[in-house]
Amino acid sequence: MGLRTWMLCALISVFLVILLPSQTESVAVMSVDLNKESRRKTPCAVALKDNERLFGDNAVGMAAKNPKVTMRYFQDLLGKRAENPQVESFRNRFPEYNVVKDEERGTVLFKLSEELTYTPEELLAMMLNYSRILAGEFAEQTIKDIVITVPAFFNQAERRSVLQAAKLAGLKVLQLINDNTAVALNYGVFRRNDINSTAQNIMFYDMGSRSTTCTIVTYQTTKTKESGIQPQLQIRGVGFDRSLGGLEVDLRLRDHLAKLFNEQKKSRKDVRENPRAMAKLLKEANRVKTILSANNDHMAQIEGLMDDIDFKSKVTRQDLEELCEDLFERVSSPVQKALSSAEIKMDEIDQVIIVGGSTRIPKVQELLLKAVGKEELGKNINADEAASMGAVYQAAALSKAFKVKPFVVRDAAVFPIQVEFTREVEEENVKSLKHNKRILFQRLAPYPQRKVITFNRYNDDFEFNINYGDLSFLDAEDLKIFGSLNLTTVKLRGVGESFQKNVDYESKGIKAHFNMDESGILSLDRVEAVFETVVEEKPEQESTLTKLGNTISSLFGGGSSTAESKENATDSVQEEEEVPTEATKEDDQESTTPASEQANSDTKAEDKKTKKKKKKK
């Protein structure tokens, strides 16, 4: 689904979730807000004209008059550094924008004048705030909390950029939920009675405006400690194409219409050098594409395209398919990637369901049907609003004000994360440096999840890198767009000092505690140096009053409270998982850690002393 060009519930494919308690019952009313034009979808566009800001359809209308001040498609630049290939691609696609490097952050800015610049996060914050206004008017109350859907392939930097935009807008993000997971949740919630102990594998194929994602989801009931047997969805496999979507089709058709206009030779000027005319052509290309999904041909026409010259030309569906032939060849690729990551075969898939506006293109459906080998494609959920409705349900589940039936969601991290560090070793009286790698989160590891990594062979300050793991499943283009593989460098300080203060204790290693939360954001919670010692425990002498009390208790049938305490005890929950060490060699018994998004993180190790009691006989 990706970051679509449209907003549902007044957001960009990042959806604002509204919970409306009814006047008679404590229930959550799930709905998609209408904007001021009474439409269910709002274009993600911001026009910055003088001291006035326009949003949505009003901003798109301004694009035809002054495209340089109408910001669109800026979601592609979230979390991207200035040297990222996607930034250069954005400049080539939309030359009307002056995109420059932010010297302070290393990312990009939209430069409107010498004094006026905006970051992609600031533009997104404006859209979020506008969404809140629309939602507040619909709900007749102040909106403060939101759930935002993001593409499953968003990495740590991109996710943090969305959180930063929400913070700028003054909104509290309850969760970033992957849009493919939100779609799967929406599907499962309304079919919970059909979910049983037999696993059902459903494939969701989502082609939106910017990208295409294929997800394999397993539905099955599971036993929970809190609520007994409940339905569960588990993300099994994910395949995606970051640049395959409806926008690319629009751009191809826009360039084709520009070529047709130039061939008519009604003007000596090249229409491609006129940003205002190209903005009009892009809008017309989107309209023609939509109509060609239901008709074999249509007449593209624009009054006063350039220099008061009208444009009119016939476009056929065959023309569109020939223009996008190489794009349509990529339709099956996400399917194969999803199957490969899930390690299952196509005949194990019970149903294929299409989502996203671009799946309405007949050629896409034809090629997808051929790729999956099914008799038909499922079209039984709302292609445009499925993700937003799934996010609404998740928001209701997270809110304390509403009670909904439990639905267990096991999301998966698309990219593996590992820890790398270098340590000095000595073999045969020869010292050398050894590079070590430890996987923290495997590819498609479930989250939220906590991990603990123990460093056993350090007694002084050291550092380690948190990197993405093996990304060989990405193609060359996606790997370039992905950006840096290094998340952060963690520098631990105070380790040597800690060991000096606790020379009488036995070291149990340096333990680093990590957490990947519900939003898929990785953080380093704490680091502690653990020491242990053995102490002798002397038996306590019972006082005279205690002996008298025990005697009276036994006379009246009272027993020890041990049995009662055992009866009321509950099993402890293991919240943190220890990352296993590879003990094949003594030197390989180190463990490692993922951390936060900062370039360098200085962390001071805390002391933690434990006493192993030895009872004296």
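The rules we used
Residues numbered from 1 in each chain as written. Predicted model: local features only at pLDDT ≥ 70, side-chain atom pairs only at ≥ 80, totals over all residues. Heavy atoms only, no water. Core = buried A, V, L, I, M, F, W, Y, C linked by side-chain atoms within 4.5 Å. Buried < 20%, exposed > 50% of the residue type's maximum accessible area, 1.4 Å probe, protein only. Helix = DSSP H or I, 4+ residues; strand = E, 2+ residues; numbered from the N terminus. Pairing = 2+ DSSP bridges. Axes fitted to C-alpha atoms, helices over the stretch in contact; angles between N-to-C directions. Contact = heavy atoms within 4.5 Å. Salt bridge = Lys/Arg side-chain N within 4 Å of Asp/Glu carboxyl O. 1 Å grid on protein atoms, 1.4 Å probe; cavity = no way out; pocket = protein on both sides within 12 Å on 5 of 7 lines; lining within 4 Å. Points joined across faces, edges and corners; volume = space filled by probe spheres on them. Nonpolar A, V, L, I, M, F, W, Y, C, P; charged D, E, K, R; others polar. Domains from an automatic or database assignment. pLDDT = per-residue confidence, 0-100. Parallel < 35°, antiparallel > 145°, perpendicular 65-115°, else oblique. Left-handed = near helix turned anticlockwise from the far one by under 90°.

Draft legend 1. Focus on the nonpolar core. Grouped together as the largest cluster of nonpolar side chains are 104 residues, with contacts concentrated most on Phe-204, Tyr-219 and Phe-464. Among the elements that take part in this core, helix H3 (residues 120–139) stands out by supplying 8 residues, more than any other. Among the nonpolar cores identified, the runner-up in size contains 45 residues, and Met-203, Val-271, Ala-338 and Ile-361 belong to it.

Draft legend 2. Looking closely at the sheet that holds strand E7 (residues 70–72). Taking strand neighbours across the sheet as the criterion, the 3 strands line up as E6-E5-E7 in an open arrangement whose pairing is antiparallel. Only two strands of the sheet have a single partner each, and these edge strands are strand E6 (52–55) and E7. When strand polarity is set aside, the average angle formed by the axes of neighbouring strands in this sheet is 20 degrees. Relative to the sheet, H3 contacts strand E5 (45–49), E6 and E7, its axis offset from that of E5 by approximately 105 degrees.

Draft legend 3. Local environment of the pattern of salt bridges. Considering all chains together, one arrives at 23 salt bridges under this definition. Among the ionic pairs, Glu-248 bridges to Arg-93, the shortest N-O distance being 2.2 Å. Here Glu-248, found in helix H6 (residues 246–263), pairs with Arg-93, found in helix H2 (residues 85–93); they are 155 residues apart in sequence, far enough to count as distant. Look at Glu-248 and you get buried, because its relative accessible area is 14%. In this structure, Arg-272 engages Asp-270 in a salt bridge whose closest nitrogen and oxygen atoms are separated by 3.1 Å. Each of Arg-93, Glu-248, Arg-252 and Asp-326 takes part in salt bridges that share partners, so that together they form one network.

Draft legend 4. Expanded view of empty space enclosed by the protein. Applying the stated criterion to the full structure yields 3 cavities of 30 Å³ or more. Approximately 120 Å³ is the volume found for the largest cavity. Of all the secondary structure elements, the ones that give two or more residues to the lining of the largest cavity are helix H4 (156–168) and strand E19 (408–413). Grouping the amino acids of the lining of the largest cavity by side-chain chemistry returns 10 nonpolar, 4 polar and 1 charged. Looking at which domains feed residues into the lining of the largest cavity, each of domain 1 (1–170) and domain 3 (415–533) gives three or more.

Draft legend 5. Up close: the confidence of the model for the protein chain. For the protein chain, the average pLDDT comes to 83, and 82% of its residues sit at 70 or higher. Counted against residues more than four places away or in other chains, residues 1–16, with its pLDDT under 50, gives 94 contacts. Low confidence marks residues 582–599, where pLDDT is under 50. Its contacts with residues over four positions away, or in another chain, come to 79 contacts.

Draft legend 6. Fine view of the environment of Gly-208. Within the secondary structure, Gly-208 sits in the loop between strand E13 (200–207) and strand E14 (212–224). Note: C-alpha distance between Gly-208 and Gly-246 (38 residues apart in sequence) is 6.2 Å.

Draft legend 7. Local environment of the packing of H3 against H4. In the contact formed by H3 and H4, the axes pass within 8 Å of each other and the chain directions differ by 55 degrees. In terms of their interaxial angle, H3 and H4 are classed as oblique. For the pair H3 and H4, the crossing hand works out as right-handed. Of the residues in H4, those touching H3 at Glu-121, Glu-122, Leu-124, Ala-125 and Leu-128 are Ser-161, Val-162, Ala-165, Ala-166 and Leu-168.

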